[in-house]
Amino acid sequence: MSNAPAEEKPTEDIDLAPANHVIDKYLTLPGNLMPVLQGIQEEYGYVPRPTIDLVAERLNVYPSQIYGVLTFYAQFHLKPRGRFIIRVCVGTACHVQGAPRIVETFFDKLGIGHAETTPDLRFTFEKVACLGACGMAPLAMVNDSTYGSMTVQKVGEIIADYNQRPMKK
């Protein structure tokens, strides 16, 4: 065994004022952990590590309890995500209508794979089991916009469109 000190992971340097504001909003609410975490994610786009420590201290809960919640619910993200979340359905109806080609084209054009984010934080790509619109197969969504009857050609058009859009909401 080495006596060398353990390497510390670098912590993110972020402004905690928005997180403190969210915590203040829900501080006296019973069962406040979920709305606090949802509010923090809404502010930052994900739940940064320093906010977990802050929430633990301010709500008097263990960080491990917070991680338990964050890793149990799929709605929470521990890494920064893109401004534009692209989801492509890979369910049965979409699969038989060509979803694998659509997915591969997005991968090629964006240079990322499933559950990855572009370095500029513009796009995050996700394959999903179903988007609930089988009659429009194959189907893609970008944030809340739906694109049905997807083709390989439409992939390029969609990316070009969203590359022209501002990064801020």
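Small disclaimer: the values here were computed from a predicted structure and weren't measured.

Considering only enclosed or pocket space, the second largest pocket measures out at about 240 Å³ in volume. Taken together, Ala 74, His 77, Leu 78, Lys 79, Pro 80, Arg 81, His 114, Ala 115, Glu 116, Thr 117, Thr 124 and Glu 126 make up the lining of the second largest pocket. Listed by contribution, the elements that provide at least two residues to the lining of the second largest pocket are β2 (116–117) and β3 (123–128). Among the residues forming the lining of the second largest pocket, the class breakdown is four nonpolar, four polar and four charged.

A word on unusual backbone geometry. Residues Ala 137 and Pro 138 are joined by a peptide bond in cis, for which omega reads -10°. Within the fold, Pro 138 resides in the loop between β3 and β4 (140–142). Unlike most non-glycine residues, Asn 143 shows phi in positive territory, near 50°. Topologically, Asn 143 is positioned in the loop between β4 and β5 (145–147).

With that settled, the discussion passes to the packing of helix α2 (residues 33–44) against helix α4 (residues 63–72). At a closest axis distance of 11 Å, the pairing of α2 and α4 adopts a crossing angle of 70°. Between α2 and α4, the angle falls in the class roughly perpendicular. Classified by chirality, the crossing of α4 by α2 is right-handed. Between α2 and α4, the contacting residues are Leu 33, Met 34 and Leu 37 on the first element and Ile 66, Val 69 and Leu 70 on the second. Of the residues that constitute the contact of α2 with α4, the class distribution is six nonpolar, no polar and no charged.

Let us look at the packing of α2 against helix α3 (residues 49–59). Between two packed helices, the angle of one axis relative to the other and the distance separating the axes together describe the packing. Between α2 and α3, the shortest axis-to-axis distance is 12 Å and the interhelical angle comes to 150°. Relative to α3, α2 is oriented roughly antiparallel. Crossing geometry of α2 relative to α3 is assigned as right-handed. Residues Leu 33, Val 36, Ile 40 and Tyr 44 of α2 form the contact with α3, whose participating residues are Thr 51, Val 55 and Leu 59.

Counting across every chain of the model gives six aromatic pairs. Consider the rings of Phe 84 and Phe 123, whose centres lie 6.0 Å apart with planes at 40°: the pair is tilted. Of this pair, Phe 84 sits in strand β1 (residues 84–89) while Phe 123 is found in strand β3, placing the two residues 39 residues apart along the sequence. On the basis of relative accessibility, which here comes to 2%, the residue Phe 84 falls in the buried class. Judged by its relative accessible area of 3%, Phe 123 is buried. Ring plane angle 65° and centroid distance 5.0 Å describe the contact between Phe 84 and Tyr 162, whose orientation is recorded as edge-to-face.

Reading the values: rules and limits
Residues numbered from 1 in each chain as written. Predicted model: local features only at pLDDT ≥ 70, side-chain atom pairs only at ≥ 80, totals over all residues. Heavy atoms only, no water. 1 Å grid on protein atoms, 1.4 Å probe; cavity = no way out; pocket = protein on both sides within 12 Å on 5 of 7 lines; lining within 4 Å. Points joined across faces, edges and corners; volume = space filled by probe spheres on them. Helix = DSSP H or I, 4+ residues; strand = E, 2+ residues; numbered from the N terminus. Nonpolar A, V, L, I, M, F, W, Y, C, P; charged D, E, K, R; others polar. Axes fitted to C-alpha atoms, helices over the stretch in contact; angles between N-to-C directions. Parallel < 35°, antiparallel > 145°, perpendicular 65-115°, else oblique. Left-handed = near helix turned anticlockwise from the far one by under 90°. Contact = heavy atoms within 4.5 Å. Phe/Tyr/Trp six-rings, centres within 6.5 Å; stacked < 30°, edge-to-face > 60°. Buried < 20%, exposed > 50% of the residue type's maximum accessible area, 1.4 Å probe, protein only.

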